[in-house]
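# Report on the structure
Next come the chains, spelled out residue by residue.
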Amino acid sequence: FGVVAALWFYYGEVDRWRLIVAFDGLKSDLENKYKLAADIIHHVNIEKTIYYPILDLSRVRIVHKSDPLIQGLNQIIQYTGVGKMAFSANLVNGIYVEDALIYRMAA
């Protein structure tokens, strides 16, 4: 998949969290990345044999590593491993980040 950034981002105007995943590679691969994400989510939801989906694709936003939010966060935060960092109440590249939980930022 080529994940270079992954974070939960809070959209206050609609009171909803979305998982943002940034990938490395060709921007034209975006549609293929969504198809792959849908397959992964479907597989995990079935394998867990639970009564409701763990995650649905409407809560996932896949972007290229050149996305303005990812570029702005990458200037501030960088770590190549997987961790967890809270980030709140900041303006990043002209985008207000009310709340975010960053798991990977190696863009």
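Relevant structure appears above.
First, a word on what this report is: a plain description of the structure on this page. (Residues numbered from 1 in each chain as written. Predicted model: local features only at pLDDT ≥ 70, side-chain atom pairs only at ≥ 80, totals over all residues. Heavy atoms only, no water.)

## Considering the nonpolar core
Basically, it comes down to this: Note on terminology: a nonpolar core comprises buried Ala, Val, Leu, Ile, Met, Phe, Trp, Tyr and Cys residues joined through side-chain atoms within 4.5 Å. Note on exposure labels: buried denotes an accessible area under 20% of the residue type's maximum, exposed denotes more than 50%, and partly exposed covers the range between, all computed with a 1.4 Å probe on protein chains only. Counting from the N terminus, the helices are DSSP H or I runs at least four residues long and the strands are E runs at least two residues long. The criterion used for residue contact is that any of the two residues' heavy atoms lie within 4.5 Å.
Judged by nonpolar contacts, the single largest core of 19 residues is most densely connected at Leu7 and Leu73. Of all the elements in the fold, those that place two or more residues in this core are strand S1 (3–11), strand S2 (16–23), helix H2 (68–76), strand S4 (85–92) and strand S5 (95–105). No other element matches the five residues that S1 contributes to this core. Leu73 has contacts with Leu7, Phe87, Val92, Ile102 and Met105, leaving out every residue within four places of it along the chain. In terms of nonpolar packing, the next biggest core, distinct from the first, is built from eight residues, Ala37, Ile41, Leu55 and Ile62 among them.

## With respect to a nonpolar patch on the surface
Short version of the rule: Grouping into patches uses exposed residues only, defined as over 30% relative accessible area, and leaves out salt-bridged ones; the cut-off is 9 Å for like charges and 5 Å for nonpolar side chains (Val, Leu, Ile, Met, Phe, Trp, Tyr). Accessible surface area values rest on a Shrake-Rupley calculation with a 1.4 Å probe, where residue burial reflects the displayed protein chains alone. Counted as salt bridges are all cases of a side-chain nitrogen of Lys or Arg within 4 Å of a carboxyl oxygen of Asp or Glu.
A cluster of nonpolar side chains, contributed by Phe1, Val3, Leu36, Ile40, Val44 and Ile54, occupies part of the molecular surface with about 430 Å² of accessible area. Mapping Ile54 onto the fold places it in the loop between helix H1 (30–47) and strand S3 (60–64). Note on Ile54: relative accessible area 47%, which makes it partly exposed.

## Brief notes about the side chain of Lys33
The cut-off we apply is this: We score Asp and Glu as negative and Lys and Arg as positive, and we do not count His or the chain ends.
Locating Lys33 in the fold gives a position in helix H1. Summary of buried charges: Lys33 has no salt-bridge partner, and the nearest side chain of opposite charge, Asp29, is 5.2 Å away. In this structure Lys33 touches Phe1, Phe23 and Ile62, once residues within four positions along its chain are discounted.

## Points about the pattern of salt bridges
Within this structure, the stated rule accounts for three salt bridges. Glu31 is the salt-bridge partner of Lys35, the closest N and O atoms lying 3.4 Å from each other. Taken together, the positions of Lys35 and Glu31, both in helix H1 and four residues apart, correspond to about one turn of that helix. What makes Glu31 exposed here is its relative accessible area of 54%. Asp67 is paired through a salt bridge with Arg61; the nearest N and O atoms lie 3.1 Å apart. Accessibility expressed as a relative area gives 13% for Asp67, which makes it buried. The class for Arg61 is partly exposed, based on a relative accessible area of 24%.

## Notes on the packing of aromatic side chains
In plain terms, the rule: Note on aromatic pairs: the rings of Phe, Tyr and Trp (six-membered ring only in Trp) are paired at centre separations within 6.5 Å, and the planes decide the class, stacked below 30 degrees, edge-to-face beyond 60, tilted for the rest.
For the coordinates displayed, the defined rule picks out two aromatic pairs. Where Tyr10 meets Trp17, the ring centres are 5.3 Å apart and the plane angle is 50°; that geometry is what we call tilted. Looking at Trp17, the relative accessible area reads 30%, which means it is partly exposed.

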